[in-house]
Amino acid sequence: MGVAKKPPCGAVPARVALAMLTSAGVVMLYVLRINMSVAIVAMVKPIPLRPSPDDATGNASAPLTAPTPYCIAATPSSAPVNVTVEAEVWSRDAHNGTEPGSAEPDDGSYQLSLTGTEKGMVLGAFFYGYFATNIPGGRLAEEYGTKKVFGGSILISGVLTLLTPVAARVHYVLLILLRALIGLVNGVVYPAMNVMVSRWIPPLERPRFMSFTYMSNTLGTIITLPVCAVVADTMGWPAVFYISGAASLVWVAAWALLMHDCPSEHPRISQEEKRYILDAISKGTTKNKPRRTPWKAIICSVPLWATTTAHIGSMFGFNLLLTQLPSYMDSILGFSITSNGLLSALPFLSQFLGSTGSGVLGDWLLTKGYLTVHTSRRLFNTTSLLLPGIILVVVGYAGCNTALAVALLCLGSGFSGGICSGHLANHLDLSPNFSGTILGLSNTLAYMVSMCVPVIVGAMTPGQTLQEWQTVFWMTGVMYTVTWLVFLAFSSTEIQSWNYGEDHQVEKKRKPDGGDANGEGVQDVEEKKLFLSSNGKPQIV
């Protein structure tokens, strides 16, 4: 099989343009997902602390004070920073008929009165809907293409985001329903992207492509946390949803014009690149492609369960940071909303850099033949699960040393970026034909667990003390470690027989001489021959 020539000098490969467009889409996905994590700091009133019955003044109308962040309260030398809230606020609420969970009929600075549990329900509402559409999303993309599924998801969720301030004015229950609906339509995106990767990206380039595009969620987080904090602080929290919703609609227009579901449909791709891609992906996606989904075989697949278990662990830790880090920065470390947004973004910046670096390193190790695919997956799964789990536990014992706590969070997040070269790429190893479906199944189970994070953390940290957060970090560290062990013991990178249908049996390939016991044998060698030029150097189109 011939190797495709490089496109003419100066030409941008179509799959590079696809990576840029997809990356921007994932950024918008996460802007719509986590804008609430920042906005809720401004949109919910701090619960004032009422004077105790045996207060020295004995005066029920004595000023009420907002809670002091743990680390500020624990420092005797700190100047008092409590915000005094006069009792007239309470009498005004009573006069206006304001009840917990409803909004004040005020201007753009109005706030909701929510308990800690209700706040956790609002933050977790996205995930209540998100996990339900992952499997349908994969099947829809396999049938109708990623262009319609991904683009339609961002379109609908962008419109719903524009309606968020209206829902908040009515009642927090309506806000929860709206956020759950946004999660419902966003759940199709990552399974649809897996279908796109299986149709567009050669196997040995997938770690790099997925690290850049899939982990652009960290770029979305990096942008959203500080920008939304500034917007909420200067323009009012409703502007957070108006701006992010409008920006998402601009991306949808670009996606509709420029994205194509496969190389054969792209009007501007070079013939050399098209031939290179189609040749490289033909093995797993064209041979005996099944007409029906082999659900029984999929559900009984031990390697898939190992991958899914690792996915559950990584998503649990990721969503802990995604939904709770701003609250930790606020209630424990005592940062203002503006500095909170900037510092909360740093761990996600390190995660993106770690992901990009691990993708490049993973490609290099595979194309040079230093590691088999299976060994590479296990190596990067170790760096993305075990190391972050250990570091997160240490964060709890950094105490009020804010510089050390932030540095450790950044270090752990940088290691967690290896998921795209680890278990996340493993779905494509197991079944290119059903890559969307199995990622949808894996994502569904992962989010069924991780959507409980906000509520669990809310219940475990009623007093917002450092000791309570240490327990949260220990729980997450154990989750990371257990799921890493399962992947290490039961994972595989061989294409599964059910990839070709329920009744098709794949003939077991012999491993090359000197190959690793966990290697991929002939399959890897064939891919590497396709990827290498005549002088043995990587041929990048």
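The shown structure was predicted, so the numbers you read here are calculated from the model rather than taken from an experiment.

K.L.:
I'd like a description of the overall build of the protein chain, backed by residues and values.
P.N.:
Along the backbone of the protein chain there are 23 helices and two strands. By the burial criterion, 57% of the 541 residues in the protein chain qualify as buried. Summed over all atoms, the accessible surface of the protein chain reaches about 22,200 Å², with 64% contributed by carbon and sulfur.

K.L.:
So, the packing of aromatic side chains: which residues are in play, and what are the values?
P.N.:
Applying the stated rule across the entire model yields ten aromatic pairs. Between Tyr190 and Tyr214, the ring centres sit 5.5 Å apart and the planes meet at 65 degrees, which makes this aromatic pair edge-to-face. Note that Tyr190 is positioned in helix 9 (residues 189-200) and Tyr214 in the loop between helix 10 (206-213) and helix 11 (216-235), a separation of 24 residues in sequence. Accessibility expressed as a relative area gives 8% for Tyr190, which makes it buried.

K.L.:
Tell me about helix 21 (residues 453-460), and please be specific about residues and values.
P.N.:
Among all positions in helix 21, only Val453, Pro454 and Val457 are buried. An end-on view of helix 21 places all buried positions within 95 degrees of arc, on one side of the element.

K.L.:
An account of the environment of Gly357 is requested, with residue identities and associated values reported.
P.N.:
When you line up the elements, Gly357 lands in helix 16 (residues 337-367). Distance in space between the C-alpha atoms of Gly357 and Ser211 is 8.4 Å, their sequence separation being 146 residues.

K.L.:
Please set out a nonpolar patch on the surface residue by residue, giving values where relevant.
P.N.:
On the surface, Leu155, Ile156, Val159, Leu163 and Leu249 cluster together to form a nonpolar patch covering roughly 380 Å² of accessible area. Broken down by element, the residue count for the nonpolar patch peaks at three residues, all from helix 6 (residues 146-162).

K.L.:
Quick rundown of the packing of helix 19 (residues 423-430) against helix 20 (residues 435-450)? Include the residues and the values.
P.N.:
Contact pair helix 19 / helix 20: the axes reach a minimum separation of 8 Å and the direction vectors enclose 140 degrees. One element, helix 19, and the other, helix 20, form an angle in the oblique class. For helix 19 against helix 20, the interelement crossing comes out right-handed. Between helix 19, through Leu424, His427 and Leu428, and helix 20, the contact on the second element is made entirely by Ser435, Ile438, Leu439 and Ser442. Of the residues assigned to the contact of helix 19 with helix 20, the class counts are four nonpolar, three polar and no charged.

K.L.:
Break down the pattern of salt bridges for me, citing the residues and quoting the values.
P.N.:
Where charged atoms from two side chains of opposite charge come close, those side chains can pair. Scanning the entire structure with this criterion turns up five salt bridges. For Arg15, the salt bridge is made with Glu205, and the minimal N-O distance between the two is 2.8 Å. Of this pair, Arg15 sits in helix 1 (residues 14-43) while Glu205 sits in the loop between helix 9 and helix 10, and the two are 190 residues apart along the sequence. A salt bridge links Arg139 to Glu143; its shortest N-O distance comes to 3.3 Å. Separated by four residues within a single helix, Arg139 and Glu143 lie in helix 5 (residues 134-144), roughly one turn from each other. When salt bridges with common partners are traced through the structure, they connect Arg15, Glu205 and Glu273 into a single cluster.

K.L.:
Explain helix 1 residue by residue, including any values.
P.N.:
Its 30 residues place the ends of helix 1 43 Å apart at the C-alpha level, agreeing with the 44 Å of an ideal helix rising 1.5 Å per residue. Here helix 1 lies mainly inside the structure; 25 of its 30 residues are buried.

K.L.:
Which residues make up the side chain of His427, and what are the values?
P.N.:
Mapping His427 onto the fold places it in helix 19. Residue class for His427 comes out buried when judged on its relative accessible area of 0%. Polar side-chain contacts of His427 include one of 3.3 Å to the side chain of Ser442. Those residues in contact with His427 that sit more than four places away from it in its chain are Asn194, Leu304, Thr307, His311, Ile438, Leu439 and Ser442.

K.L.:
Just give me the short version of the nonpolar core, but keep the residues and values in it.
P.N.:
Residues Met43 and Tyr190 are the most contacted members of the largest nonpolar core, which totals 116 residues. A total of 18 residues in this core trace back to one element, the largest contributor, which is helix 1. For Tyr190, the contacting residues outside a window of four places in its chain are Val26, Leu29, Tyr30, Tyr130, Tyr214, Asn217, Leu439 and Asn443. Counting seven residues, the second-largest nonpolar core is a separate cluster that includes Ile298, Phe434, Ile438 and Leu441.

K.L.:
Lay out the packing of helix 5 against helix 6 with the relevant residues and their values.
P.N.:
If you want to describe how two helices pack, look at the angle between their axes and the distance between the axes. In contact at an axis separation of 7 Å, helix 5 and helix 6 are set at 135 degrees when each is read in the N-to-C sense. What the angle tells us is that helix 5 and helix 6 run oblique. In contact with Gly137, Leu140, Ala141 and Tyr144 of helix 5, helix 6 contributes Thr146, Lys148 and Val149. Here the residues of the contact of helix 5 with helix 6 sort into four nonpolar, two polar and one charged.

K.L.:
Go over the side chain of Asn443, please, and point to the residues and values.
P.N.:
On the secondary structure map, Asn443 appears in helix 20. Those residues in contact with Asn443 that sit more than four places away from it in its chain are Tyr130, Asn134, Tyr190, Pro191 and His311.

K.L.:
Residues and numbers for the environment of Thr465, please.
P.N.:
By secondary structure assignment, the location of Thr465 is in the loop between helix 21 and helix 22 (466-490). Residues Thr465 and Ile332, spaced 133 residues apart in sequence, show a C-alpha to C-alpha distance of 6.8 Å.

K.L.:
Explain the confidence of the model for the protein chain to me, using residue names and the numbers behind them.
P.N.:
Model confidence for the protein chain is summarised by a mean pLDDT of 76, while 75% of its residues fall at 70 or above. Counting interchain partners and residues more than four positions distant, the pLDDT-below-50 stretch residues 49-58 has nine contacts. Confidence drops under a pLDDT of 50 for residues 77-107, and excluding neighbours within four residues, the segment shows 46 contacts in the predicted structure.

K.L.:
Explain the environment of Leu409 to me, using residue names and the numbers behind them.
P.N.:
Examined against the element boundaries, Leu409 turns out to sit in helix 18 (residues 402-416). Take Leu409: its relative accessible area is 4%, and that puts it in the buried class. As a C-alpha pair, Leu409 and Ile391 span 18 residues in sequence and 7.5 Å in three-dimensional space. For Leu409, the residues in contact, after removing those within four places along its chain, are Leu321, Leu325, Met329, Pro347, Leu392 and Val395.

Calculation notes
- Residues numbered from 1 in each chain as written.
- Predicted model: local features only at pLDDT ≥ 70, side-chain atom pairs only at ≥ 80, totals over all residues.
- Heavy atoms only, no water.
- Helix = DSSP H or I, 4+ residues; strand = E, 2+ residues; numbered from the N terminus.
- Buried < 20%, exposed > 50% of the residue type's maximum accessible area, 1.4 Å probe, protein only.
- Areas by Shrake-Rupley, 256 points an atom, 1.4 Å probe, with all protein chains shown as cover.
- Phe/Tyr/Trp six-rings, centres within 6.5 Å; stacked < 30°, edge-to-face > 60°.
- Arc of directions from axis to C-beta.
- Patch = residues over 30% accessible without salt bridge, like charges linked within 9 Å, V, L, I, M, F, W, Y side chains within 5 Å.
- Salt bridge = Lys/Arg side-chain N within 4 Å of Asp/Glu carboxyl O.
- Axes fitted to C-alpha atoms, helices over the stretch in contact; angles between N-to-C directions.
- Parallel < 35°, antiparallel > 145°, perpendicular 65-115°, else oblique.
- Left-handed = near helix turned anticlockwise from the far one by under 90°.
- Contact = heavy atoms within 4.5 Å.
- Nonpolar A, V, L, I, M, F, W, Y, C, P; charged D, E, K, R; others polar.
- Expected span 1.5 Å × (residues − 1).
- Polar contact = N/O pair within 3.5 Å; in protein donor to acceptor, adjacent residues only side chain to side chain.
- Core = buried A, V, L, I, M, F, W, Y, C linked by side-chain atoms within 4.5 Å.
- pLDDT = per-residue confidence, 0-100.

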